[in-house]
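# Remarks on the overall topology
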Amino acid sequence: MRSKNSNSLSVPLESELDDLVSRLARPDADRRAAMPLLGRLVAAYPATSGQRIFEYFIGQNHLAIRPVLRTVLAISGAPELFQPLFGLLWHSDPQLRELATEGLVKSYKFNFDLPFLDKLLDLMADPDENVRENIAKIIGAHYLRPGRMLYRGRETLSTAQIDRIIEIAEKAEGAVKAALLRVLGSPAEEYLSAVPLLIESLSDPQNPGVIIAAADALIEIKPPVPLAIAPLLDCLNHPDETVRWHAAETLGWVGQTVARVITALLVASNDPVSLVRQKAIISLGIMGHRSGNRVILERLLELTYSADERVRERATYQLGNQEINEPFVLNRLVELLQDPDPTVKTEAIGALGKVGDSRHIPLLEKFITPILVYTIYSEIVGQQAENAIREILSRAS
């Protein structure tokens with residue numbers, strides 16, 4: 001077999017590669033089995049097998065499996081293939097441009113440093129709208145992700161870079177603007193200059209994606225911004241359910257504990273869409289914990305009777321977070337230990353750990369069993385009960 005740096009394939013390797021490529025065009029099970037094997041082959045021999053896959057990808061003989069070949073190139077993580085993929089962003093074939101973009105976005109090893117961002121921002125002046133959109137997606141995918149900026153921990157952009165992104169985003173629309181707004185979400189002080197643009201973007205009349213990106217960025221910045229309240233409250237009535245649940249979530253962080261926000265979230269907790277109700281419950285829980293608002297407490301208690309298991313789960317968790325050990329709260333949490341849904345039961349156990357006392361330890365001990373556990377849920381419930389008992393005992397000591 002040839003070395004990894006050889007420019008040609010050995011006969012056995014070429015046969016193996018062609019066999020795997022042919023399997024990509026077969027039914028799903030065969031394709032799923034072949035993809036990781038081919039990805040490892042490309043990663044091991046990027047100059048040979050990787051180059052061959054790239055040629056298949058851009059050629060005309062494998063059009064039906066182009067998206068699959070793109071995924072193989074992305075999952076291989078071979079750095080030698082990043083530059084060829086990057087070059088396709090200017091290709092005349094729109095499908096290749098789009099697939100190359102998706103490949104670079106999906107490739108978790110496509111790792112570039114902050115100075116390279118300036119080069120990407122230079123490309124945002126390209127006259128081709130598709131190229132601008134693709135570059136924005138790549139910037140967003142590799143610079144925004146909370147908690148792992150640049151995959152080496154959060155690295156703050158320079159003030160000049162932030163200002164430049166703001167300037168470009170102000171003139172952009174749709175998917176390009178949404179991708180750039182996401183980059184502006186960071187708790188670092190330098191990003192506060194983006195808040196006015198983010199608030200303005202909450203009222204975008206055309207693109208829900210822009211609203212969602214702005215709301216997500218505001219959650220990362222976490223500024224208590226009174227000016228954001230009005231557009232976020234409007235978003236709670238948006239026809240797009242994704243906009244509604246992002247607005248409900250964001251209000252918990254930037255809405256402050258004011259009556260009109262609480263009232264709007266109480267209404268949102270009745271939204272016909274479960275995820276909107278869940279996000280409203282989380283935000284109500286945050287505000288209730290800050291303020292000790294009795295109306296919120298009563299609403300959380302009421303929502304633990306919901307027919308929706310996920311709503312009951314969220315409400316039970318937030319009920320415990322209020323840290324109120326009054327009898328009507330404790331009695332309801334004890335009742336929820338018998339809930340048929342294991343996640344609700346687990347949250348009730350955890351909540352009792354926060355607000356319960358020694359009287360509840362015998363109830364919690366029933367969930368701890370020395371015999372073989374047959375389901376993962378039983379094991380999780382048992383572990384939660386042990387943690388809750390330790391928490392109660394630590395408070396009593």
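What comes next concerns the included structure. (Residues numbered from 1 in each chain as written. Predicted model: local features only at pLDDT ≥ 70, side-chain atom pairs only at ≥ 80, totals over all residues. Heavy atoms only, no water.)

### Comments concerning the pattern of salt bridges
Applying the stated criterion across every chain yields a total of 17 salt bridges. Put simply, arginine 164 and aspartate 118 hold a salt bridge, and the shortest N to O gap is 4.0 Å. One end of the pair, arginine 164, is in helix 9 (residues 159-171); the other, aspartate 118, is in helix 7 (residues 114-123), with 46 residues separating them in the sequence. With a closest N to O distance of 2.8 Å, glutamate 326 and arginine 294 form a salt bridge. Note that glutamate 326 is positioned in the loop between helix 18 (309-321) and helix 19 (327-336) and arginine 294 in helix 17 (residues 294-303), a separation of 32 residues in sequence. Among the residues examined, arginine 294 registers a relative accessible area of 38% and is labelled partly exposed. Here the residues in one salt-bridge network are Glu98, Glu133 and Lys137, joined through shared partners. (Salt bridge = Lys/Arg side-chain N within 4 Å of Asp/Glu carboxyl O. Helix = DSSP H or I, 4+ residues; strand = E, 2+ residues; numbered from the N terminus. Buried < 20%, exposed > 50% of the residue type's maximum accessible area, 1.4 Å probe, protein only.)

### Examining the side chain of glutamine 278
Structurally, glutamine 278 is set in helix 16 (residues 274-291). Judged by its relative accessible area of 8%, glutamine 278 is buried. In this structure the side chain of glutamine 278 is engaged in a polar contact, spanning 3.3 Å, whose partner is the side chain of arginine 314. Setting aside anything within four residues of it in sequence, one finds glutamine 278 in contact with Arg310, Val311 and Arg314. (Polar contact = N/O pair within 3.5 Å; in protein donor to acceptor, adjacent residues only side chain to side chain. Contact = heavy atoms within 4.5 Å.)

### A short note on the environment of isoleucine 368
By the element assignment, isoleucine 368 lies in the loop between helix 21 (361-365) and helix 22 (376-396). For the pair formed by isoleucine 368 and glycine 382, sequence separation is 14 residues and the distance between their alpha carbons is 4.7 Å. The contacts of isoleucine 368, once residues within four sequence positions are left out, are Gly382, Ala385, Glu386 and Ile389.

### Side note on the environment of valine 131
Locating valine 131 in the fold gives a position in helix 8 (residues 129-143). Among all residues touching valine 131, those that are not within four sequence positions of it are Leu89, Trp90, Arg97 and Asp126.

### A few points about the packing of helix 18 against helix 20 (residues 342-355)
Two elements in contact, helix 18 and helix 20, have axes whose closest approach is 8 Å; the angle formed by their N-to-C orientations is 5 degrees. Relative to helix 20, the element helix 18 lies roughly parallel. The residues of helix 20 that touch helix 18, namely those facing Glu309, Arg310, Arg312, Glu313, Thr316, Tyr317, Gly320 and Asn321, are Thr343, Val344, Glu347, Ala348, Ala351, Lys354 and Val355. Considered class by class, the residues forming the contact of helix 18 with helix 20 number 5 nonpolar, 4 polar and 6 charged. (Axes fitted to C-alpha atoms, helices over the stretch in contact; angles between N-to-C directions. Parallel < 35°, antiparallel > 145°, perpendicular 65-115°, else oblique. Nonpolar A, V, L, I, M, F, W, Y, C, P; charged D, E, K, R; others polar.)

### Section: helix 16
With 18 residues, helix 16 extends 25 Å between its outermost C-alpha atoms, agreeing within 8% with the 26 Å of an ideal straight helix rising 1.5 Å per residue. Val276, Arg277, Gln278, Lys279, Ala280, Ile281, Ser283, Leu284, Gly285, Ile286, Met287 and Gly288 are the residues of helix 16 that are buried. Looking at the buried residues of helix 16, the elements they touch are helix 14 (241-254), helix 15 (259-268), helix 17 and helix 18. In the segment just after helix 16, glycine 292 is the residue with positive phi, at about 70 degrees. (Expected span 1.5 Å × (residues − 1).)

### Some words on the nonpolar core
Of all hydrophobic cores here, the largest spans 121 residues; its most connected members are Leu38, Ile53, Phe57, Leu180 and Leu181. For this core, the element with the most residues is helix 12 (residues 208-221), which contributes 9 residues. (Core = buried A, V, L, I, M, F, W, Y, C linked by side-chain atoms within 4.5 Å.)

### Comments concerning the packing of aromatic side chains
One pass over the full model with this rule turns up 1 aromatic pair. Their ring planes at 50 degrees and their centres at 6.4 Å tell us that phenylalanine 54 and phenylalanine 57 sit as a pair that is tilted. Of this pair, phenylalanine 54 and phenylalanine 57 both sit in helix 3 (residues 46-58), 3 residues apart, which is roughly one turn of that helix. Exposure class is identical for phenylalanine 54 and phenylalanine 57. Each is buried. Positioned over the ring face of tyrosine 305 is arginine 332, at 3.7 Å from the centre of the ring. (Phe/Tyr/Trp six-rings, centres within 6.5 Å; stacked < 30°, edge-to-face > 60°. Lys NZ or Arg CZ within 6 Å of the ring centre and 35° of its normal.)

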